[in-house]
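# Structural overview
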Amino acid sequence: MKQGTLWIAILATFAHGSHANSDAIEDLSLEDLIKAEITSVSRKSQSMTDIPAAAFVITAEDIRRSGAQALPDVLRMAPGIEVAQIDNGRYAVSARGFNGRFANKLQVLVDGRSIYHPVFSGVTWELDPIPLEDIERIEIIRGAGAVMWGANAVNGVINIISKHTRQQDGGAVSVSGGNKGTANVYARIGQRASEATSWKLSAQGRHIDPSRLHGTDSDSVDRLENAVVDFRLDHDLASGRDLSIWGNASRSTTREAWDLSFPLIGPLPLSPTQKLHSESLVGRYRWLSDRGIESSIQASVTTSGIDITNFYHEERTTYDLDYQGRYAVGRHDILWGFSHRRSSDEISTGEPYIAMRSPTYIQRNTGLFIHDDWTLIPEHLKLGLGVRGDKTTANGTNLSTNATLLWTPTRTDSTWIKYAQAPRTSSRAERDVSILAGASMLQFPSPLPGPAVINVPMIAYVKPNSNLSAEKAEGIELGYRKQFSSTFSADVTAYRYRYTHLRSGKQT
C-alpha cells in the first residue's frame, strides 16, 4: 500500500508540474524545445521528448556550478548512476547495480570513442580522459545500448561530448582548491584562424593530498597527481562536410595501501605505486551525399600503459575505426554502421601474487548494426527496431537486439516501452589471470610410523578460464518523461532484466 501511495504521489507531482508549465512550454518554438537534445541513444540528434530511454544530460554549466574536480564526482548528479569513492583517485561507477572497482557493464565514451579497458572491461577513473572545462555535455543513458555501442553497454552508456573549438576562442585560466589539500589548474588558448577553421590547446593538472587514516589519524599513501593535455582542430569544408582532429595525453600517479596476510607467509603490508598513461589521436570526417545520406567515419589510435610496482606492467596499443550512415525515406529513419577495434598488449606480472597465462595478446572486435525508426502516426507514435552482430576474438559472434515503441501524445509528454538484449564479452583478466587467493597448512593422517599427522602447505589461486562465453542480459522497461522546459525534464522508469552466464571465481 505504501508503494502504491508513493507511485501515486510521484505521478501526481508530474501532473501538477505539467499543468503549471504547459502554457510556458507550448509557447516554445521547435528550435527552442530541441535545445534539450541528446545524441547517444540513437547516434543522432533528438529532443528529449523523442527518446525512448531513461536519459539524463549534464551540461557544461552544471559541471561548472558543481565545483567537482574529477569526472566521477560530476556523474553523481545523474539519477540511477552509482558512484562510490574508494580513495583519493579510485572510484567505482556503474548504472543499475553491479558496482565495484572493476564494474564492467557500463560503456563509457569520449566523443563516441570507447575508453573501457580490455583487461577488466571497465574504466580507470583515476586517469582523466578530458579536462572538465572542455566538456560540452555528458549524456547518460540508463539501460542496454548494445545495438548502437557494442560490448559493455549492458546497464548503461555514458558519452562525454567535448566542446567545438568555436566555443573556445581566446584564452582562459582557472585555479581552484579545497581545504582538504585539493588543487586544480586549467589553462586554454584557442583561435578562429578563419571562418571555417578554429583550434584550441588546453591543459589541466590536479593534486590531492593523502587522506587521513581513521585508526591512527596519520596520512595514508593515496596522494594523487594528474595531468592531461588536449588539442583539437575543427574545419568546415562546406556543402555539409566537416573535419575534426583531436589529440589527448594523460598521466596519473598514486599509491595503494595493501594489507595482505597469509598463515604461511605472514602479514604483508604493501604500498605499490601506480602510474598510468594514455595518448590518443582521433580524426573524424562527416559528409552529406547528393542523395541525402548522412555519413561519418572516425578513426583513432591510442597507446596506454599501467605500472604497479613489482606487481603489474602493461603496454597497450589500440586502433579503432567507426563508420555510420543515416538515410530518411518516407516514414523510415534508417541508421547503419560498422566498427572495428584491434587492441594488442604486452604484460609482465609479479609472480606468485599474480600471473598471466600469456604475456602478449591481440584482441579484435568487429561489429555491424542497423536500426530503423518507423513513424506509425506522425508526431505521436514511433516504432524502433535494431540488431547488431559482434564478432570477437574470445567469444565468437554475439547478437544484440532492441525494440522500442514511443508514444508522444503532446510535445512535452512521452511514454515508451523497450525490449533489449545485450552481451558483455569476457575480459583478458577473466580468461588469463591467476591471482594468489590464500595460503594455509592442512593436516593429513600419517601413513608412516612417527607423527600421527603430516602438515601439508596448500596455496590457493583464483584460476582463469579460457573457455568463457559472453555474459548476456535480456529485459524490458516501461518509462514516462515530462518535458517542463528546454532545460528541465523528469522521467520515471520500471524495468526488469535477467542476466545469464555471469562471472564468478573460486579457489583451486
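Please refer to the structure placed before this passage.
Attention here is on the structure that accompanies the text. (Residues numbered from 1 in each chain as written. Predicted model: local features only at pLDDT ≥ 70, side-chain atom pairs only at ≥ 80, totals over all residues. Heavy atoms only, no water.)

### What to know about the overall build of the protein
Helix and strand counts for the protein stand at six helices and 29 strands. Taking all 508 residues of the protein together, 46% fall into the buried category. When the accessible area of the protein is evaluated, it comes to approximately 24,700 Å², of which 58% is carbon and sulfur surface. (Helix = DSSP H or I, 4+ residues; strand = E, 2+ residues; numbered from the N terminus. Buried < 20%, exposed > 50% of the residue type's maximum accessible area, 1.4 Å probe, protein only. Areas by Shrake-Rupley, 256 points an atom, 1.4 Å probe, with all protein chains shown as cover.)

### Some remarks on unusual backbone geometry
For Ser121, which is not a glycine, the phi torsion comes out positive at approximately 60°. Among the secondary structure elements, Ser121 is positioned in the loop between β7 (113-114) and β8 (135-142).

### Concerning the sheet that holds strand β6 (residues 106-110)
Adjacent strands of a sheet form backbone hydrogen bonds with each other and so pair up, either parallel or antiparallel. With respect to topology, five strands assemble into an open sheet ordered β3-β8-β9-β6-β7, the strand pairing being mixed. Two strands bound the open sheet, and with one partner strand each, they are β3 (54-59) and β7. Sheet analysis places β6 next to strand β9 (residues 156-162), joined by five bridges and oriented parallel. For Leu109, the partnering residue across the bridge sits in β9 and is Asn159. (Pairing = 2+ DSSP bridges.)

### Details of the layout of surface pockets
Taken as a whole, the second largest pocket holds about 1,200 Å³ of empty space. In terms of lining residues, the second largest pocket is bounded by 40 residues, among which Thr39, Arg43, Arg284, Arg286 and Ser296 are the most central. Mapped onto the lining of the second largest pocket, the elements with two or more residues apiece are β8, β9, β13 (224-238), β14 (241-255), β17 (273-288), β18 (294-308) and β19 (312-329). Here the element with the most residues in the lining of the second largest pocket is β18; it accounts for five residues. (1 Å grid on protein atoms, 1.4 Å probe; cavity = no way out; pocket = protein on both sides within 12 Å on 5 of 7 lines; lining within 4 Å. Points joined across faces, edges and corners; volume = space filled by probe spheres on them.)

### Here's the deal with empty space enclosed by the protein
Within the structure shown, the criterion is met by seven cavities of 30 Å³ or more. Within this model, the largest cavity holds a volume of roughly 400 Å³. What lines the largest cavity is a set of 26 residues, among which Ile115, Leu127, Ser278, Thr302 and Ser304 lie closest to the centre. Listing elements by their share of the lining of the largest cavity, those giving two or more residues are β7, β14, β17, β18 and β19. Per-class residue counts for the lining of the largest cavity are nine nonpolar, twelve polar and five charged. (Nonpolar A, V, L, I, M, F, W, Y, C, P; charged D, E, K, R; others polar.)

### Describing the pairing of β14
Regular strands have side chains that alternate between both faces of the sheet. Inspection of the sheet shows β13 paired to β14 by 13 bridges, in the antiparallel sense. Pairing of Ala227 across the sheet is with Arg251, part of β14. Looking at chain direction, β14 and β17 are connected through 14 bridges and run antiparallel. Looking at the pairing, Ser252 lines up with Leu276 of β17.

### Section: the environment of Gly181
Relative to the assigned elements, Gly181 resides in the loop between β10 (170-177) and β11 (182-192). On the basis of relative accessible area, Gly181 is assigned to the partly exposed category, the value being 22%. Residues Gly181 and His207, spaced 26 residues apart in sequence, show a C-alpha to C-alpha distance of 7.7 Å. When residues no more than four places from it in sequence are discounted, the contact partners of Gly181 are His207, Ile208 and Asp209. (Contact = heavy atoms within 4.5 Å.)

### As for the packing of aromatic side chains
Scanning the entire structure with this criterion turns up five aromatic pairs. Ring centres of Phe102 and Phe120 lie 5.2 Å apart, and the angle between their planes is 70°; this geometry places the pair in the edge-to-face category. In this pair, Phe102 is assigned in the loop between β5 (91-95) and β6 and Phe120 in the loop between β7 and β8, connecting sequence segments 18 residues apart. Judged by relative accessible area, which is 14%, Phe120 ranks as buried. (Phe/Tyr/Trp six-rings, centres within 6.5 Å; stacked < 30°, edge-to-face > 60°.)

### Section: the pattern of salt bridges
In total, this model carries 30 salt bridges according to the counting rule given. Ionic pairing is found between Arg90 and Glu256, a salt bridge with its closest N-O pair at 3.2 Å. On the criterion of sequence distance, the pair formed by Arg90 in the loop between β4 (81-85) and β5 and Glu256 in the loop between β14 and β15 (258-262) is long-range, its members being 166 residues apart. Of the two residues, Arg90 and Glu256, both sit in the buried class. The salt bridge involving Arg286 is made with Asp242; its shortest N-O contact spans 3.1 Å. Taken together, the residues span a long stretch of sequence, with Arg286 in strand β17 and Asp242 in strand β14 at a distance of 44 residues. Connected through shared salt-bridge partners, Glu314, Arg316, Asp345, Arg357, Arg428 and Asp432 make up one network. (Salt bridge = Lys/Arg side-chain N within 4 Å of Asp/Glu carboxyl O.)

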